[in-house]
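Listed below are the residues making up each chain.
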Amino acid sequence: NIRVTYRRRHSYNTKSNRIRVVKTPGGKLVAQYLTKSSNAPLCGAAGCNKRLQGIPRIRPKQFKNIAKSKRTVNRAYGGSLCAGCVRDRIMRAFMIEEQKIVKKVVIEQQKKKSDK
């Protein structure tokens, strides 16, 4: 049965007002405020909910204050898409371009056949 008073003006036991009761060296019981646990940033591609590697799990306000190099990964779409999704995008773009080239070649061959 531990009774501790809040140190701040907010007096309700809400998610944002969590405390831990700690015994000080002087023997007093004191309320220590806990920070909210944060989720890791997720990949932004549709259907892919992987956690992004190389980016810290911190609250949005602290995330804004850290260095840019720690907020991102040095890659195209680094910090918003995972490596697998970036690879898929590059492959898809490459395959579409290849398809266009193949179409052109087929049309040219058909023209040559029709000219003969």
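Our structure's up above, just so we're on the same page.
All of these numbers come straight from a predicted model, not from anything done at the bench. (Residues numbered from 1 in each chain as written. Predicted model: local features only at pLDDT ≥ 70, side-chain atom pairs only at ≥ 80, totals over all residues. Heavy atoms only, no water.)

### Quick notes on the overall build of the chain
Then comes step 1: From N to C terminus, the chain includes three helices and two strands.
Then comes step 2: Counting only C-alpha atoms, the chain reaches 100 × 25 × 20 Å along its principal axes.
Then comes step 3: Relative to its 116 residues, the chain shows a buried fraction of 14%.
Then comes step 4: By sequence separation, contacts in the chain at least 24 residues apart represent 26% of the contacts at least 6 residues apart.
Then comes step 5: Of the charged side chains in the chain, 30 are positive and 5 negative; the average position of the first set lies 35 Å away from that of the second. (Helix = DSSP H or I, 4+ residues; strand = E, 2+ residues; numbered from the N terminus. Buried < 20%, exposed > 50% of the residue type's maximum accessible area, 1.4 Å probe, protein only. Contact = heavy atoms within 4.5 Å. Lys, Arg positive; Asp, Glu negative; His and termini not counted. Charge placed at Lys NZ, Arg CZ, Asp CG, Glu CD.)

### Topic: the packing of aromatic side chains
Then comes step 1: This structure, assessed with the given rule, holds one aromatic pair.
Then comes step 2: Geometry around Tyr 33 places Arg 8 over its ring, the cationic atom sitting 3.8 Å from the centre.
Then comes step 3: Stacked on the ring of Tyr 77, the Lys or Arg Arg 89 has its end atom at 4.7 Å from the ring centre. (Phe/Tyr/Trp six-rings, centres within 6.5 Å; stacked < 30°, edge-to-face > 60°. Lys NZ or Arg CZ within 6 Å of the ring centre and 35° of its normal.)

### Describing the nonpolar core
Then comes step 1: Within the largest apolar cluster, nine residues are counted, these being Cys 43, Ala 45, Cys 48, Leu 52, Ile 55, Leu 81, Cys 82, Cys 85 and Val 86.
Then comes step 2: Beyond its immediate chain neighbours, meaning those up to four positions away, Ala 45 contacts Leu 81 and Cys 85. (Core = buried A, V, L, I, M, F, W, Y, C linked by side-chain atoms within 4.5 Å.)

### Section: the pairing of strand 1 (residues 19-23)
Then comes step 1: Across five bridges, strand 1 lies against strand 2 (residues 29-33) in antiparallel orientation. Within strand 2, the position partnered with Lys 23 by the bridge is Leu 29.
Then comes step 2: Between the antiparallel neighbours strand 1 and strand 2 lie five residues, among them Gly 27 with a positive phi of about 90°. (Pairing = 2+ DSSP bridges.)

### Side note on the environment of Arg 18
Then comes step 1: If you trace the backbone, Arg 18 turns up in the segment before strand 1.
Then comes step 2: According to the relative accessible area criterion, Arg 18 is partly exposed, its value standing at 37%.
Then comes step 3: Expressed as a C-alpha distance, the spacing of Arg 18 and Tyr 6, which sit 12 residues apart in the sequence, is 9.7 Å.
Then comes step 4: The contact partners of Arg 18, leaving out residues within four places of it in the chain, are Asn 13, Gln 32, Tyr 33 and Leu 34.
Then comes step 5: One polar contact links Arg 18 to Asn 13, side chain to side chain, over a distance of 2.7 Å. (Polar contact = N/O pair within 3.5 Å; in protein donor to acceptor, adjacent residues only side chain to side chain.)

### Looking at a nonpolar patch on the surface
Then comes step 1: Side chains of Ile 2, Val 21 and Leu 29 sit close together on the surface and give an oily, nonpolar patch of about 250 Å² of accessible area.
Then comes step 2: In this fold, Ile 2 is placed in the segment before strand 1. (Patch = residues over 30% accessible without salt bridge, like charges linked within 9 Å, V, L, I, M, F, W, Y side chains within 5 Å. Areas by Shrake-Rupley, 256 points an atom, 1.4 Å probe, with all protein chains shown as cover. Salt bridge = Lys/Arg side-chain N within 4 Å of Asp/Glu carboxyl O.)

### Some details on unusual backbone geometry
Then comes step 1: In the Ramachandran plot, Tyr 77 falls in the positive-phi region, its phi being about 60° despite a non-glycine side chain.
Then comes step 2: With respect to the helices and strands, Tyr 77 occurs in the loop between helix 2 (68-71) and helix 3 (83-115).

### Brief notes about the pattern of salt bridges
Side chains carrying opposite charge are able to pair once their charged atoms draw close together.
Then comes step 1: Taken as a whole and assessed by the stated rule, the structure comprises one salt bridge.
Then comes step 2: Put simply, Glu 97 and Lys 100 hold a salt bridge, and the shortest N to O gap is 3.5 Å. Here the residue Glu 97 and the residue Lys 100 both occupy positions in helix 3, the gap between them amounting to three residues, near one helical turn.

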